[in-house]
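One letter stands for each residue in the lines below.
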Protein chains: 2
Amino acid sequence: MAPDPAPRKPSDRSTGAVTLQQVATRAGVSIATASRALHGGHGRVVNEELRSRVLAAAAELSYVSNAPAQALARSRTSVVGLLVHDVADPYFGAIATGVMRAAAEFDLMVMLAASFREPQLELDYLVRLRTQRARAIVLAGSGFTDQAFTARLGESLAGFAEDGGRVVCVGDHGVDTDTVNLDNRDGAEQAVAHLWALGHRRIGVIAGPLGLVTVRDRLDGVRRALQRRGAELPADCLVEADFTRAGGHAAALALFARRPDLTAVFALNDGMAAGALAALQEGLGRSVPGEVSVVGFDDLPYSADLHPSLTTVRLPLRRAGQRALELIVDERPQRGARRIVELEADLTVRASTGPAPAHSG
Amino acid sequence: MAPDPAPRKPSDRSTGAVTLQQVATRAGVSIATASRALHGGHGRVVNEELRSRVLAAAAELSYVSNAPAQALARSRTSVVGLLVHDVADPYFGAIATGVMRAAAEFDLMVMLAASFREPQLELDYLVRLRTQRARAIVLAGSGFTDQAFTARLGESLAGFAEDGGRVVCVGDHGVDTDTVNLDNRDGAEQAVAHLWALGHRRIGVIAGPLGLVTVRDRLDGVRRALQRRGAELPADCLVEADFTRAGGHAAALALFARRPDLTAVFALNDGMAAGALAALQEGLGRSVPGEVSVVGFDDLPYSADLHPSLTTVRLPLRRAGQRALELIVDERPQRGARRIVELEADLTVRASTGPAPAHSG
DNA sequence: CTGTTAGCGCTTTCAC
DNA sequence: GTGAAAGCGCTAACAG
């Protein structure tokens, strides 16, 4: 008899991984039936007998389906991209947790992209995510206020959407997509209102990079709260700094060098607040909250452990991540325009704020 | 003339995204040439003229390559999986940062999997990552000491490796793969040595879940350090707790209820140390380090801001993540057995430790 | 150096 | 219900 050419070598350029065809053969059915049995094709029902034979064969062979192949055939993946500034930042950690939880629930895989606060890198990752044919992208972290950047971001996102991808922003990114909004403005207002109620009239603000939408919004909240009370924010009471502990430390020093008479400091995130706390107490020898009150923003996990424990504005970050994913999965076609979920900020009062010193009138 | 059937509709079940074929047509070359021009195929060089025509066409059409299709054709993806316990945990945040940095450098995408400390979920994610045909997996976070689990983990990993995937562990997972080792044992020894040198003889230990390899190793270090000094760890000086702030808080209370005479506490991670600090100072009214010294483990970003600032053992987590990815990329075939990179722990002395109280002799 | 073509593994019409 | 077959978009032999 004629020798079989290459009897059962699956193919030359393959991984050697078990293939659906192998499962089908073993179960004695066609590959189509195997596919339907395993992934419940489109309303198609498979005879129970065949179905279990396929399942058995798959188990015996330890079949693991090939997502890239499925993606190609279906022209749709089960991957969503999560774009953050910095993975180590607890702010994103919280959002990511929410996203991961929901993703697991919906059987989605999450591809992580970290821009390290580089706008260009953010754009780069967007095309990479597009290359991966991510089904959706969650844009977390703050947007940049830069016009040119926002325009390019919008274009990139539009292209992504054209290919059928969904986009959800967590926080305002200046782009016209579904969004889970965190009320930064209101949170900041609450913080200032709290200080004001305690009698503070000379309040210093340590802002993060003014190029971030988040910072802009929080600052807006501060100004609005002040205006409502017939006050304003003097230029020398505002200092811009890195959104980090070190930034907050340096900023507090700079602030009090100019305005030693301040009775309160509002740092626009907890990291900076931690730095300010250290600068104030160790560097400047001011007691907190005796001489100076300090408020932060975000309520990170460790903020209650700072010394003194930090009064801060809590943002429902985990929930934001979760809702973002729900917006993705909820396939409601774009009847009507963008969907916006509003999430509230909440002031958490702890030990770092107290009445303004008596002589501060 | 005969009417063209479906003149330029790309196809019925496609995304509508621009295709390499379209680019090729527009550039007036074959699809093969387009592919080579764009992705520099295998040493093959393309005539400069054609090459630039292809590039131009791709740009004009805003061509974005299709990773799933490439993956199928090459039977290899550019995705690596990162498996952690908890994304929000700064411990993993640090590792993830290292991984992301290196991934960007090597043009790899990272797929994130969070087990939320559920062994079963960890196993599940492993097959999902396999389904995605991840080129490699970084197993971060602690392994479990559970034998049965470790065995199943090993099998799953073996299957993954059989299909050509690489596996790198960060920390000991009890499996036989390339590993970036963090010297938990030695770090714990350093911590105990430090306390001992300060005169502490009655040291309490707050351990995390004993089912974690990391905890086991750190505890080993404690015992070894003690033995070397002719001492041991009495059963009532050890308490197991959740690897969290709350866990540490409760554990400290329990510990001092049994052994009010302790002069030092070693919490096996910083989160628990933070809880212990609060329990000791606020709950029990003990001064730190005046009456009791406290040491933590991991040196998380905020540990210096605790009150008092925490003496702790620093682990080069970011570097660990980075090295893990380097092991993946470094294609050195498995000549020789598993590769192991050792990373050292370093004691960072801050304000939470001091001499043992005089009457404690 | 360039073009042709046979797959990669799977889904999904379309007949039966 | 089930199977045959036509792709999904791209890469990699293999010829020229």
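Residues numbered from 1 in each chain as written. Chains lettered and ligands numbered in written order. Predicted model: local features only at pLDDT ≥ 70, side-chain atom pairs only at ≥ 80, totals over all residues.

**Student:** Quick question: what am I supposed to make of the overall build of chain A here?
**Tutor:** If you tally the helices and strands in chain A, you get 12 helices and 12 strands. The C-alpha atoms of chain A give a radius of gyration of 27 Å, which is well past the 21 Å a tight globule of 361 residues would have. Overall, chain A is about 105 × 40 × 35 Å in size when its C-alpha atoms are taken along their principal axes. Residue burial in chain A is summarised as follows: out of 361 residues, 53% are buried. (Helix = DSSP H or I, 4+ residues; strand = E, 2+ residues; numbered from the N terminus. Rg over C-alpha atoms; globule rule 2.2 N^0.38 Å. Buried ≥ 20, exposed ≤ 12 C-beta atoms within 10 Å, placed from the backbone.)

**Student:** Teacher, can you tell me more about the relation of the copies chain B and chain A here?
**Tutor:** Between the two copies of this chain, the relationship is a rotation about some axis together with a displacement along it. Mapping chain B onto chain A is achieved by rotating through 180° and translating by 0.1 Å along the same axis, at an RMSD of 0.1 Å. Seen this way, the second copy is the image of the first under a two-fold rotation axis. The overlap is high: 100% of the interface residues of chain B also sit at the interface in chain A, so the same surface is used on both sides. (Least-squares fit on C-alpha atoms with pLDDT ≥ 70 in both. Contact = placed C-beta atoms within 7 Å.)

**Student:** When you look at helix α11 (residues 270–283) of chain A in this model, what are you seeing that I'm missing?
**Tutor:** Structural remark: α-helix, 3.6 residues per turn; residues separated by three or four positions point the same way. Residues and elements named next belong to chain A. With 14 residues, α11 extends 18 Å from end C-alpha to end C-alpha; this agrees with the ideal 20 Å at 1.5 Å per step. Burial analysis of α11 places 11 of its 14 residues in the buried class, which makes it a mostly covered element. Within the sequence span of α11, burial applies to Asp 270, Gly 271, Met 272, Ala 273, Ala 274, Gly 275, Ala 276, Leu 277, Ala 278, Ala 279 and Leu 280. On its buried side, α11 packs onto β6 (203–207), α10 (245–258), β8 (264–267), β9 (293–298) and β10 (311–314). (Expected span 1.5 Å × (residues − 1).)

**Student:** I tried to follow the interface of chain B and chain A on my own but got confused; where do I start?
**Tutor:** It is common to report an interface's size as the accessible area lost on association of the parts. Counting from both sides, the interface comprises 44 residues of chain B and, opposite them, 44 residues of chain A. Contributing elements (two or more residues each) for the side of chain B that touches chain A: α4 (67–74), α5 (90–106), β2 (109–114), α6 (119–131) and α11 (270–283) of chain B. Looking at the side of chain B that touches chain A, the element that brings in the most residues is α5(B), giving six residues.

**Student:** Would you explain the environment of Ala94(A) in this entry?
**Tutor:** Following the sequence through the fold, Ala94(A) ends up in helix α5 (residues 90–106). Between the C-alpha atoms of Ala94(A) and Ala276(A), which are 182 residues apart in sequence, the distance is 23 Å. When neighbours within four sequence positions are excluded, Ala94(A) is seen to be in contact with Leu317(A), Arg318(A) and Ala88(B).

**Student:** Please explain the packing of helix α1 (residues 20–27) of chain B against helix α2 (residues 31–39) of chain B as it appears in this structure.
**Tutor:** In a packed pair of helices, the relevant descriptors are the angle between the two axes and the axis-to-axis distance. Residues and elements named next belong to chain B. Across the interface, α1 lies against α2 with an axial gap of 8 Å and an inter-helix angle of 100°. With respect to α2, the element α1 is oriented roughly perpendicular. Where α1 abuts α2, its residues Leu 20, Gln 21, Val 23, Ala 24 and Ala 27 lie against Ile 31, Thr 33, Ala 34 and Ser 35. By residue class, the composition of the contact of α1 with α2 is six nonpolar, three polar and no charged. (Axes fitted to C-alpha atoms, helices over the stretch in contact; angles between N-to-C directions. Parallel < 35°, antiparallel > 145°, perpendicular 65-115°, else oblique. Nonpolar A, V, L, I, M, F, W, Y, C, P; charged D, E, K, R; others polar.)

**Student:** Help me understand the packing of helix α8 (residues 184–197) of chain B against helix α9 (residues 213–228) of chain B in this model?
**Tutor:** All names here are of chain B. Running from N to C, α8 and α9 point in directions that differ by 45°, and their axes come no closer than 7 Å. Considering the angle they form, α8 stands oblique to α9. Seen from above, α8 lies across α9 with right-handed handedness. Taking contact as the criterion, the partners of Asn 184, Arg 185, Asp 186, Gly 187, Ala 188, Glu 189, Val 192 and Ala 193 in α8 are, on α9, Thr 214, Asp 217, Arg 218, Asp 220, Gly 221, Val 222, Arg 224, Ala 225 and Leu 226. Residues that form the contact of α8 with α9 fall into these classes: six nonpolar, four polar and seven charged. (Left-handed = near helix turned anticlockwise from the far one by under 90°.)

**Student:** Got a minute to help me understand the nonpolar core in this structure?
**Tutor:** Across soluble globular proteins, nonpolar side chains have a tendency to be buried as a group. The biggest cluster of nonpolar side chains holds 197 residues, and the ones touching the most others in it are Ile206(A) and Ile206(B). Once you skip the residues sitting within four places of it in the chain, Ile206(B) turns out to touch Val239(B), Ala241(B), Gly248(B), Ala251(B), Ala252(B), Leu255(B), Val265(B), Ala267(B), Leu268(B), Met272(B) and Ala276(B). (Core = buried A, V, L, I, M, F, W, Y, C linked by C-beta atoms within 7 Å.)

**Student:** Help me understand α9(B), please; the structure alone is not making it clear to me.
**Tutor:** All names here are of chain B. Over its 16 residues, α9 runs 22 Å from end to end, which matches the ideal 22 Å to within 8%, given 1.5 Å per residue. Residues of α9 that are buried include every one of Val 213, Thr 214, Val 215, Arg 216, Asp 217, Arg 218, Leu 219, Gly 221, Val 222, Ala 225 and Leu 226, and no others. Looking at the packing, one finds that the buried side of α9 touches α8, β6 (203–207), β8 (264–267) and β9 (293–298).

**Student:** What is the right way to read the sheet that holds β10(A) from this model?
**Tutor:** Sheets are built from strands paired through backbone hydrogen bonds, the pairs being either parallel or antiparallel. Residue and element names in this part refer to chain A. Taken in spatial order, the six strands line up as β7-β6-β8-β9-β10-β12 in an open sheet, and their pairing is mixed. The sheet terminates laterally at β7 (238–240) and β12 (346–348), the two strands that pair on one side only. The sheet shows a mean angle of 20° between the axes of neighbouring strands, direction not considered. Contacting β6, β7 and β8, α10 runs over the sheet at an angle of about 145° to β6. (Pairing = 2+ DSSP bridges.)

**Student:** Would you explain unusual backbone geometry in this entry?
**Tutor:** Of all residues except glycine, most have a negative phi; of all peptide bonds, most are trans. Cis rather than trans, the peptide bond between Val288(A) and Pro289(A) has omega equal to 5°. One can find Pro289(A) in the loop between α11 and β9. Residue Pro308(B) follows His307(B) across a cis peptide bond; omega there is -5°. If you trace the backbone, Pro308(B) turns up in the loop between β9 and β10 (311–314). In the Ramachandran plot, Phe116(A) falls in the positive-phi region, its phi being about 50° despite a non-glycine side chain.

**Student:** Honestly, the pairing of β6(A) in this entry has me stumped. Any pointers?
**Tutor:** Working note: regular strand, side chains alternate between the two faces of the sheet. All names here are of chain A. The buried fraction of β6 is high, at five of five residues. Of the two faces of β6, both are covered, the one formed by Ile 203, Val 205 and Ala 207 as well as the one formed by Gly 204 and Ile 206. In the sheet, β6 pairs with β8 via four bridges, with the strands oriented parallel. Looking across to β8, one finds that Ile 206 is bridged to Ala 267. Summarising the sheet, β6 and β7 pair through three bridges and their orientation is parallel. By the bridge assignment for β7, Val 205 is matched with Leu 238. Each parallel crossover has a hand, and the one from β6 via helix α9 (residues 213–228) to β7 is right-handed. (Right-handed = clockwise from strand over helix to strand, strands pointing away.)

**Student:** Mind showing me how you'd approach the environment of Ile203(B) here?
**Tutor:** Residue and element names in this part refer to chain B. Within the secondary structure, Ile 203 sits in strand β6. Accessibility expressed as a C-beta count within 10 Å gives 26 for Ile 203, which makes it buried. Here the alpha-carbon distance between Ile 203 and Val 265, two residues 62 residues apart in the chain, equals 5.6 Å. Those residues in contact with Ile 203, other than ones at most four positions away along the chain, are Val 192, Leu 195, Cys 237, Leu 262, Ala 264 and Phe 266.

**Student:** Where do I start with the sheet that holds β10(B) in this structure?
**Tutor:** All names here are of chain B. Spatially, the six strands line up as an open sheet ordered β7-β6-β8-β9-β10-β12, and their pairing is mixed. Strand pairing shows two members of the sheet lacking a second neighbour, β7 (238–240) and β12 (346–348), which therefore form its edges. Strand-to-strand, the axes of this sheet are offset by a mean angle of 20°, without reference to chain direction.

**Student:** Looking at this model, I keep getting lost on the pairing of strand β1 (residues 79–84) of chain A. Mind explaining?
**Tutor:** Residue and element names in this part refer to chain A. Of all six residues that make up β1, six are buried, and the element is covered over most of its length. Residues Val 79, Gly 81 and Leu 83 point to one face of β1 and Val 80, Leu 82 and Val 84 to the other, with burial holding for every one of them. Sheet analysis places β1 next to strand β2 (residues 109–114), joined by six bridges and oriented parallel. Across the sheet, Gly 81 pairs through a bridge with Met 111, a residue of β2. Taken together, β1, α5 and β2 constitute a β-α-β crossover, and its handedness is right-handed.

**Student:** So what exactly am I meant to see when it comes to the environment of Asp270(B) here?
**Tutor:** Residues and elements named next belong to chain B. By secondary structure assignment, the location of Asp 270 is in helix α11. Judged by the 27 C-beta atoms lying within 10 Å of it, Asp 270 is buried. In contact with Asp 270, not counting residues within four places along its chain, are Gly 296, Phe 297, Asp 298, Asp 299, Leu 300, Ser 303, Leu 310 and Thr 312.

Everything listed here is a matter of geometry and, on its own, says nothing about what the molecule does.
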